[in-house]
Amino acid sequence: MNIKYLDGGVTAPNGFLASGIHCGLKKSNLKKDLALIYSEVPAASAGMYTKNKVKGAPIYITKEHLTNKKAQAIIINSGNANTCNGDDGLNKAKKMTSLQAKELKLKTDDVLVASTGVIGVPLNIDAVKSGIPLLTEKLSKEGSNDASLAIMTTDTFQKQLALEFYIGDKKVTMGSMAKGSGMIEPNMGTMLSFITTDLSISSELLHEALKSSVNITYNRVSVDGDTSTNDMILILANGLAENSTITEKDENYYVFLEALTNLNTIMAKNIAKDGEGATKLLECKIIGASTEEDAVVLGKSVINSSLVKTAMFGSDANWGRILCALGYTKIDFDPKKVDVSFESTAGSIKVCEAGSSLPFDEDIAKKILNENEIVIKVNLFLGNYDAYVWGCDLSYEYVKINGDYRS
């Protein structure tokens, strides 16, 4: 498949505009805290949401507005999660959509809402209200950068990407922006992610493609094992690429699914790479499992282990911690068959064979683990299923960031 990467983020596809401003939710007036994505025409829309039992008010409102599987705008704030605020939170989330809809001359149900930040603090709706006129005025094709800045919390870098591909002879463009750094353990309890495309596709198949892609991308990420209360992925497809509308799982559907998965894989890895205080991206490849689901569970156990994560931070080839993390899952495997290797751009080294130690050069291992992207490869020799998951190391900085998050 021929994919071309582009600048522009969520505004790269035809008919999408974006903006981002500071309205006063964050203390520093140098930090943007309110973002808007707008499609010039109605768009087929779909979403996936956190599975935490405690959910942010915006999730309830967005799900309600998406019952017709259509939307035209998304308003997002950072600096306040609008969670655990009872009816006040729900009313304010709804108010955000109605205020923005009025400014854009849309129906309230055509506007979706998302929030991220501190839990349990009432949302300053007056700040949002005062910011919406300027937010709307600043909508532009160049606004994706401001929008991506406005959704960041503890992120250390912006996460946005765009690409183009072809459906028949029609060029289709897709863009994305995301935030996420801590409180990331998916099954859609991960982060905020917004995807735009000018593809023409039925709402039903858009949702199926999103779910299928998320299951092998965003749902393979874990930074710290905490499932967030607010996070969601939303996708809008406005049809302005003028391809023949995809209404069945034909060749065109799978071309789109491949492109979407490509986009989401890169974005998901960036989320893992930017874990709070992280210095390294970790990829755990589980090979030879009985089922794909088993492989994911085992991989997650490895990258969620604080002892594995700290060993990776210290570039310590302490492979025993990896076997330990595999062993306390409920997945059945034979520890006497397991091989473990480490890989990076500096090379690869096997450190465990058939569940036992191997003589290996500690200096070479340290050189491999000193890189900022590490692959932990585990072969179970049990079945024919493989899976990969992504995480990060655990540094002193993680404790510092989360120790004074509300300050």
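About the thresholds
Residues numbered from 1 in each chain as written. Predicted model: local features only at pLDDT ≥ 70, side-chain atom pairs only at ≥ 80, totals over all residues. Heavy atoms only, no water. UniProt positions renumbered as here; feature names shortened; annotations may be inferred. Helix = DSSP H or I, 4+ residues; strand = E, 2+ residues; numbered from the N terminus. Contact = heavy atoms within 4.5 Å. Polar contact = N/O pair within 3.5 Å; in protein donor to acceptor, adjacent residues only side chain to side chain. Core = buried A, V, L, I, M, F, W, Y, C linked by side-chain atoms within 4.5 Å. Buried < 20%, exposed > 50% of the residue type's maximum accessible area, 1.4 Å probe, protein only. Patch = residues over 30% accessible without salt bridge, like charges linked within 9 Å, V, L, I, M, F, W, Y side chains within 5 Å. Areas by Shrake-Rupley, 256 points an atom, 1.4 Å probe, with all protein chains shown as cover. Salt bridge = Lys/Arg side-chain N within 4 Å of Asp/Glu carboxyl O. Lys, Arg positive; Asp, Glu negative; His and termini not counted. Charge placed at Lys NZ, Arg CZ, Asp CG, Glu CD. Pairing = 2+ DSSP bridges.

Within this structure's numbering, the places UniProt gives as "binding site: substrate" (unreviewed entry) are Thr-153, Lys-179, Thr-190, Glu-276, Asn-402 and Ser-407. Summarising the element assignment, Lys-179 is placed in strand S7 (residues 170–179). In this view, Lys-179 contacts Thr-116, Ile-151, Met-152, Thr-153, Asp-155, Met-191, Leu-192 and Ile-271; residues no more than four positions away in its chain are not counted. Side-chain polar atoms of Lys-179 contact the side chain of Thr-116, separated by 3.0 Å.

Within the largest apolar cluster, 40 residues are counted, with the highest numbers of intra-cluster contacts made by Phe-165, Met-174, Ile-201, Tyr-218 and Phe-256. Of all the secondary structure elements, the ones that give two or more residues to this core are strand S3 (34–49), strand S6 (159–167), S7, helix H5 (203–215), strand S9 (232–237) and helix H6 (251–273). Ranked by the residues each element gives to this core, the list is headed by H6, at 11 residues. Every residue in contact with Met-174, bar those within four places of it in the chain, is listed here: Pro-13, Leu-161, Ala-162, Leu-163, Phe-165, Ile-195, Thr-196, Thr-197, Phe-256, Ala-259, Leu-260 and Leu-263. In terms of nonpolar packing, the next biggest core, distinct from the first, is built from 35 residues, Met-312, Ala-317, Ala-325 and Phe-342 among them.

On the surface, a cluster of negative charge is contributed by Asp-316, Asp-361, Glu-362 and Asp-363. We classify Asp-363 as exposed; its relative accessible area is 63%.

Attention shifts here to the pairing of strand S14 (residues 373–379). Of all 7 residues making up S14, 5 are buried, and the element is well covered by its neighbours. Of the pairings in the sheet, the one linking strand S10 (residues 281–289) to S14 comprises 7 bridges and is parallel in character. Bridging across to S14, Ile-287 finds its partner in Asn-379. Alignment of strand S11 (residues 339–344) against S14, held across 5 bridges, turns out to be antiparallel. Considered in S14, the bridge of Ser-341 is made with Lys-377.

Where charged atoms from two side chains of opposite charge come close, those side chains can pair. Counted under the stated rule, the structure contains 12 salt bridges. Ionic pairing is found between Lys-32 and Asp-146, a salt bridge with its closest N-O pair at 3.9 Å. On the criterion of sequence distance, the pair formed by Lys-32 in the loop between strand S2 (16–21) and S3 and Asp-146 in helix H4 (residues 144–150) is long-range, its members being 114 residues apart. The partly exposed category is assigned to Asp-146, whose relative accessible area is 29%. Ionic pairing is found between Glu-64 and Lys-94, a salt bridge with its closest N-O pair at 2.9 Å. In this pair, Glu-64 is assigned in helix H1 (residues 57–65) and Lys-94 in helix H2 (residues 86–104), connecting sequence segments 30 residues apart.

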